[in-house]
Amino acid sequence: MTLLNPFFKSIIDQDDTAIVICNLEHEIIYMNPKACEAQAKRGGAALIGRNLLKCHSPESQEKILKVMAWFAESPEHNWVHTFFNEKQNKDGYMIALRDENGSLIGYYEKHEFRTKDETPFYAM
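Residues numbered from 1 in each chain as written. Predicted model: local features only at pLDDT ≥ 70, side-chain atom pairs only at ≥ 80, totals over all residues. Heavy atoms only, no water.

Novice: Requested: an account of the layout of surface pockets, with residues and values cited.
Specialist: Of the volumes computed, that of the largest pocket is approximately 740 Å³. Surrounding the largest pocket, 26 residues form its lining, Q39, H56, F83, E109 and H111 being those nearest its centre. The set of elements that each furnish at least two residues to the lining of the largest pocket consists of β1 (18-23), β2 (28-31), α2 (33-38), α3 (58-73), β3 (79-85), β4 (90-98) and β5 (104-113). Tallying contributions element by element places α3 first for the lining of the largest pocket, with four residues. Partitioned by chemical class, the residues of the lining of the largest pocket number 14 nonpolar, seven polar and five charged. (1 Å grid on protein atoms, 1.4 Å probe; cavity = no way out; pocket = protein on both sides within 12 Å on 5 of 7 lines; lining within 4 Å. Points joined across faces, edges and corners; volume = space filled by probe spheres on them. Helix = DSSP H or I, 4+ residues; strand = E, 2+ residues; numbered from the N terminus. Nonpolar A, V, L, I, M, F, W, Y, C, P; charged D, E, K, R; others polar.)

As structure tokens, then:
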């Protein structure tokens, strides 16, 4: 899928965190390269178009649906910390996606690593 705005697509694609974007039907509509890489064993980019719920356990599906119901309650409900993986030292989040009127149009999942970035400043 091609996002309409190449600038927004580039921001998502350059992000070093795995980002998976879904619509309200939980269909995966976009995965950035980091997400495709992270999910390579499960199909990578071939997961686009599939239902995200089918990629999760029944317990996780229930949690995702609970978060979506919370997102739908208020345009101020937009961010949920969903897990921490100690082995990988990373946090998972679900973030609401809304249109210009504040209506819920989907969500995205992202995984952020806590490990300090040791890259020297302005290393090019």
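Alright, that's what it looks like, and here's the rest.
Novice: Give me the lowdown on the pattern of salt bridges, citing residues and values where you can.
Specialist: Scanning the model with the defined rule gives five salt bridges in all. Across the salt bridge formed by E59 and K63, the nearest N and O atoms sit 3.3 Å from each other. With E59 and K63 both in helix α3 and four residues apart, the pair spans about one turn of that helix. Look at E59 and you get exposed, because its relative accessible area is 53%. Taking the relative accessible area as the measure of exposure, K63 reaches 49% and is therefore partly exposed. (Salt bridge = Lys/Arg side-chain N within 4 Å of Asp/Glu carboxyl O. Buried < 20%, exposed > 50% of the residue type's maximum accessible area, 1.4 Å probe, protein only.)

Novice: Please provide a residue-by-residue account of the environment of R114, values included.
Specialist: Residue position: R114 is located in the segment after β5. Linking R114 and H26, residues 88 residues apart in sequence, is a C-alpha distance of 27 Å. Setting aside its immediate chain neighbours within four residues, R114 contacts H81, F84, N89, K90 and D91. (Contact = heavy atoms within 4.5 Å.)

Functional significance is not addressed by these values, which are geometric in nature.
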